[in-house]
Amino acid sequence: MKNTHYDVVVIGAGPAGLLAAGKAAMEGARVLVLEKMEKPARKLRITGKGRCNITNLKPLDEFLAEIKPEPRFLRDAFSEFFSNDIIELIESQGVGVVIERGQRVFPSSGKAWDVAEALIRWAKEQGVTIVCHATVTAINLTNNAISSVAYKANGEHLVQCGSVVLATGGKSYPATGSTGEGFLLAEKCGHKISPLRPTLVSLETSPVHSKASGLLLKNVNLSVLVGGKKMSQEFGELEIMPYGLSGAIVLRVSREVVCFLDEGRDVELEIDLKPALSHEKIDNRLLREIEENSRMGMIDLARKLLPKQLAEIMLDELGIAFQKIVSRASSDDRKLIRLWLKGKRFRVTGYRSWNEAIATAGGLLLKEVDPRTMESKLVKGLYFAGEVLDLDGATGGFNLQIAYSTGWLAGKSAAAAR
Ligand SMILES: Cc1cc2nc3c(=O)[nH]c(=O)nc-3n(C[C@H](O)[C@H](O)[C@H](O)COP(=O)(O)OP(=O)(O)OC[C@H]3O[C@@H](n4cnc5c(N)ncnc54)[C@H](O)[C@@H]3O)c2cc1C
């Protein structure tokens, strides 16, 4: 490589790194992005099941409520660059967007790939140089300020620079390049990392209902119980998996459940499959069905309330014979069914691995980073952006917006510090 001096070196070409690099170059800095994978933005290309939930149009306060553990940290970053700004940027690259349920924004082509290519094109148009197959191995300091970055790409290289933006992502889906090396690089610069845990992750349970695996249940209520005490509740979609439970509401509670499990606490999930119906209404419905067709078997009655696989599982668990004639059903049978439908419990035995988690909870300690600039409070010229920070959002486009906004602010600040 000819030029071995840059104003700003960005480590990682994910959404945070690309936004940081593009903004720094827009402000006149000479910018190099080092990306260890064969192409930039590998993870971005698989987001939103390949459709990329680009961002979310919720107003600021509602948006912040979706972010943990310290949403206020993002106020400056969001006031610099927010959801409308990323939409404008992506549209300026010829990629239109559509808005779906829950204010979620997707590319109108339905292709995450288009979003990735738009960000890369935009960054290059600002004058950014991107080098792939380049793994950063060290950030070198002189007198507690950035001096150079060492990386491997067909041999060892050293690039002198005034600033570094560390945008190496978290630890989830390591096959995309996010293997957590950035945390080690930051630690070597003196930074502390809060415990790293998979989040937005499916849960392993006992019992498992593998017979119903793949079944998607809409409009159900899920409560998290710790030591029998209700901690939180979510309403929406649940998916039955061969190992346990997944789906939007499980992912939403996964952050707290993973924490409880790591603390060694007993966690249960209680599912209300009929949240719109009271116990009394369910009983009346059962009595009505029985009256209308008194010769049918209990399995036929259960099928009127549940998909086939679940109807069978319920009767098996309750010890009620499928072919028992409904007119012989006792009030105890009806009570058991009601309780099962309104409060089926699963013990949570574990959570899926980093390979399946959508995001990383924990990361670079926020109190060591200046939220007005994203600069390290310990090392001059070192900036952070994206999932490497101890910030994570719910599903719905929040995590990508954190990446763009912190990237933009870090790039702007790094360029201004030249
Ligand atoms: C399956 C899946 C679906 C998702 N869907 C959505 C969604 O629809 N909407 C949403 O908002 N969020 C979604 N997310 C989360 C979102 O993708 C991440 O939060 C986001 O990509 C984080 O951006 P980042 O730039 O901080 O890190 P990353 O995208 O992880 O990028 C970091 C980059 O740094 C590179 N790197 C790491 N170490 C080095 C090194 N030593 N040297 C050089 N390069 C290095 C990596 O190769 C990687 O390219 C999803 C995540 C997954 C896994």
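Treat the numbers as computed from the prediction; the structure is a model and nothing was measured.

A word on the overall build of the protein. In terms of helices and strands, the protein carries 12 helices and 22 strands. Projected onto the principal axes, the alpha-carbon positions of the protein cover approximately 85 × 45 × 40 Å. Counting only residues that meet the buried cut, the protein has 54% of its 418 residues in that class. Carbon and sulfur atoms provide 48% of the accessible area of the protein, an area that totals close to 17,900 Å². Across the protein, the 55 positively charged side chains and the 49 negatively charged ones have centroids separated by 2 Å.

Before going further, it helps to spend a moment on the site of the ligand. Around the ligand there are 33 residues in total, and Glu-35, Ser-178, Glu-181, Glu-387 and Leu-400 lie nearest to it. Taking 1,000 Å² as the accessible area of the ligand by itself, protein coverage stands at 96%. Every element with two or more residues in the shell around the ligand is listed here: helix H1 (15–26), strand S8 (135–142) and helix H12 (398–416). The element contributing the most residues to the shell around the ligand is H12, with four residues.

Right, let's talk about the sheet that holds strand S16 (residues 267–272) for a bit. With antiparallel pairing, the six strands of this closed barrel are ordered in space as S12-S15-S14-S13-S16-S17. The mean angle between the axes of side-by-side strands here comes to 45°, regardless of whether they run parallel or antiparallel. Pairing analysis gives nine bridges linking strand S13 (residues 216–226) to strand S14 (residues 229–240), with the strands arranged antiparallel. The residue of S14 that forms the bridge with Leu-216 is Glu-239. Helix H11 (residues 331–343) contacts S16 and strand S17 (344–351) of the sheet and is inclined by roughly 115° relative to S16.

If you check the domain split of the protein, you get domain 1 (5–196 + 357–416), domain 2 (199–273 + 345–351) and domain 3 (279–341). Computed from C-alpha coordinates alone, the two centres of domain 1 and domain 2 are separated by 31 Å. With 13 residues of domain 1 at the interface, the matching set in domain 2 holds six residues. It is Ala-357, Ile-358 and Thr-395 in domain 1 that bury the most area against domain 2; as a group they hold 41% of the surface buried on that side. Counting across the domain 1 and domain 2 interface gives two salt bridges. We note a salt bridge from Arg-252 to Glu-66, for which the minimum N-O separation is 3.2 Å. Linking domain 1 with domain 2 are five residue pairs in polar contact (both at pLDDT 80 or more), by the criterion used here. For the side of domain 1 that touches domain 2, the secondary structure elements donating two or more residues are strand S18 (359–361) and strand S22 (392–393). Classifying every residue of the side of domain 1 that touches domain 2 gives six nonpolar, four polar and three charged.

The subject of this paragraph is the packing of H1 against helix H5 (residues 112–125). Geometry of a packed helix pair, given as the angle between the helix axes and the separation of the axes. Relative to each other, H1 and H5 sit at 25°, their axes nearing to 8 Å. By the criterion of interaxial angle, the relationship of H1 to H5 is roughly parallel. Relative to H5, H1 is oriented so that their crossing is left-handed. Contacts between H1 and H5 pair Pro-15, Leu-18, Leu-19, Gly-22, Lys-23 and Met-26 from the former with Leu-119, Ile-120, Trp-122 and Ala-123 from the latter. By residue class, the composition of the contact of H1 with H5 is eight nonpolar, one polar and one charged.

Attention shifts here to unusual backbone geometry. Cis geometry marks the peptide bond from Lys-68 to Pro-69; its omega dihedral reads -10°. Here Pro-69 lies in the loop between strand S4 (67–68) and helix H3 (75–80). Phi is positive for Asn-144, which is not a glycine, with a value near 60°. Judged by its relative accessible area of 47%, Asn-144 is partly exposed. In this structure, Leu-200 is a non-glycine residue whose phi angle is positive, near 50°. Mapped onto the fold, Leu-200 is located in the loop between strand S11 (197–199) and strand S12 (203–206).

Turning our eyes to something else, we now look at the pattern of salt bridges. Counted according to the given criterion, the structure contains 29 salt bridges. Close ionic contact of Glu-263 with Arg-265 constitutes a salt bridge, the shortest N to O distance being 3.4 Å. Judged by relative accessible area, which is 51%, Glu-263 ranks as exposed. The exposure class assigned to Arg-265 is partly exposed, which follows from its relative accessible area of 38%. A salt bridge links Asp-333 to Lys-324, with the nearest nitrogen and oxygen atoms 2.6 Å apart. Given the relative accessible area of 29%, Lys-324 is considered partly exposed.

Its 12 residues place the ends of H1 16 Å apart at the C-alpha level, agreeing with the 16 Å of an ideal helix rising 1.5 Å per residue. Among the 12 residues that make up H1, 11 are buried, leaving the element largely enclosed by the rest of the structure. Listed in full, the buried residues belonging to H1 are Pro-15, Ala-16, Gly-17, Leu-18, Leu-19, Ala-20, Ala-21, Gly-22, Lys-23, Ala-24 and Ala-25. Positive phi appears at Gly-28, one or two residues downstream of H1, with a value of about 100°.

Glancing now at the environment of Thr-176. Within the element layout of this structure, Thr-176 appears in the loop between strand S10 (156–166) and helix H6 (181–188). Since its relative accessible area comes to 9%, Thr-176 is described here as buried. Spatially, the C-alpha atom of Thr-176 lies 9.0 Å from that of Leu-44, the residues being 132 residues apart in sequence. Within the structure, the side chain of Thr-176 is placed 3.4 Å from the side chain of Ser-178, a separation counted as a polar contact.

Thresholds, definitions, all that
Residues numbered from 1 in each chain as written. Predicted model: local features only at pLDDT ≥ 70, side-chain atom pairs only at ≥ 80, totals over all residues. Heavy atoms only, no water. Helix = DSSP H or I, 4+ residues; strand = E, 2+ residues; numbered from the N terminus. Buried < 20%, exposed > 50% of the residue type's maximum accessible area, 1.4 Å probe, protein only. Areas by Shrake-Rupley, 256 points an atom, 1.4 Å probe, with all protein chains shown as cover. Lys, Arg positive; Asp, Glu negative; His and termini not counted. Charge placed at Lys NZ, Arg CZ, Asp CG, Glu CD. Near = heavy atom within 4 Å. Pairing = 2+ DSSP bridges. Axes fitted to C-alpha atoms, helices over the stretch in contact; angles between N-to-C directions. Contact = heavy atoms within 4.5 Å. Domains from an automatic or database assignment. Buried area = accessible area lost by both parts, 1.4 Å probe. Salt bridge = Lys/Arg side-chain N within 4 Å of Asp/Glu carboxyl O. Polar contact = N/O pair within 3.5 Å; in protein donor to acceptor, adjacent residues only side chain to side chain. Nonpolar A, V, L, I, M, F, W, Y, C, P; charged D, E, K, R; others polar. Parallel < 35°, antiparallel > 145°, perpendicular 65-115°, else oblique. Left-handed = near helix turned anticlockwise from the far one by under 90°. Expected span 1.5 Å × (residues − 1).

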